[in-house]
Amino acid sequence: MYKASLALLAGLQLMACSTPFESMWQGLATCELDDLYLDSETGEPAHPQLKNFTPYKVTDGFAWYKTRQDLHGLPISGFLIPSSTFEVHALFVDTPIANARRLTHNAYGSEFSDEQKHNEGLAPLLLRDPNNPKRSIIDCTQGEALEPQPEEPFPE
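Here we summarise the structure given alongside this text. (Residues numbered from 1 in each chain as written. Predicted model: local features only at pLDDT ≥ 70, side-chain atom pairs only at ≥ 80, totals over all residues. Heavy atoms only, no water.)

Turning our eyes to something else, we now look at the pairing of strand 4 (residues 88-93). By the criterion of burial, strand 4 is predominantly enclosed, with six of the six residues buried. Neither face of strand 4 is open: one carries Val-88, Ala-90 and Phe-92, the other His-89, Leu-91 and Val-93, and all of them are buried. Here strand 3 (residues 74-82) runs beside strand 4; their pairing, made up of four bridges, is antiparallel. In the strand pairing of strand 4, Ile-76 is matched with Val-93. (Buried < 20%, exposed > 50% of the residue type's maximum accessible area, 1.4 Å probe, protein only. Helix = DSSP H or I, 4+ residues; strand = E, 2+ residues; numbered from the N terminus. Pairing = 2+ DSSP bridges.)

Now for the environment of Trp-64. Relative to the helices and strands, Trp-64 resides in strand 2 (residues 62-71). Here Trp-64 falls in the buried class, since its relative accessible area comes to 2%. A C-alpha to C-alpha distance of 7.5 Å links Trp-64 and Gly-78, two positions 14 residues apart in sequence.

Among the nine residues that make up strand 3, eight are buried, leaving the element largely enclosed by the rest of the structure. In the sheet, strand 2 pairs with strand 3 via eight bridges, with the strands oriented antiparallel. Each bridged residue has a counterpart across the sheet, and for Phe-62 the counterpart in strand 3 is Pro-82. Taken together, strand 2 and the strand that follows it, strand 3, pair antiparallel across an intervening segment of two residues, in which His-72 is found at a positive phi of about 50°. Following strand 3, the chain reverses through five residues before pairing antiparallel with strand 4.

When you line up the elements, Thr-67 lands in strand 2. At a separation of 3.3 Å, a polar atom in the side chain of Thr-67 contacts the side chain of Gln-69. Thr-67 has contacts with Phe-21, Phe-53, Ile-76, Ser-77, Gly-78 and Phe-79, leaving out every residue within four places of it along the chain. (Polar contact = N/O pair within 3.5 Å; in protein donor to acceptor, adjacent residues only side chain to side chain. Contact = heavy atoms within 4.5 Å.)

Applying the stated criterion to the full structure yields two salt bridges. Two residues, Arg-135 and Asp-129, come together in a salt bridge whose shortest N-O distance is 3.0 Å. Judged by its relative accessible area of 3%, Asp-129 falls in the buried class. (Salt bridge = Lys/Arg side-chain N within 4 Å of Asp/Glu carboxyl O.)

The subject of this paragraph is unusual backbone geometry. Unusually for a residue other than glycine, Cys-31 sits at a positive phi of about 55°. When you line up the elements, Cys-31 lands in the loop between helix 2 (20-24) and strand 1 (57-59). Of note in the backbone geometry, His-72 takes a positive phi value of approximately 50° without being a glycine. Relative to the helices and strands, His-72 is located in the loop between strand 2 and strand 3. Residue classification places His-72 among the partly exposed residues on the basis of a relative accessible area of 37%.

See below:
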């Protein structure tokens, strides 16, 4: 009983201390990011915290953002969200993949390496940035086989 109460209290404390950016991405571990998009008709953000960020580019159904944020110890340099019906969310992590694996394990208890769960839309996948070996990408894509992936690299 004591341990359960202590665990609950610690969990509540972590939630209370989360930053607006962390609360925006709270569904990352299970790719439950349903309200993290720009409305395709109005261009307005669906998530209230997303209003604090301005995309530097909206093209081909995706909104691209540059930022400098900390997400549970992960140094985030930008993110991509849908501005259409695509279910693609990506975080650009400003550290090489080996370090990103360690940081995601520390923050989420997972290295985000389960491709089967990723393909089912149940978990993100941590990838090496093909355009920059000093960066990584956390990808949450649902229905990946059916949807085109953005081909542009994330700018420096």
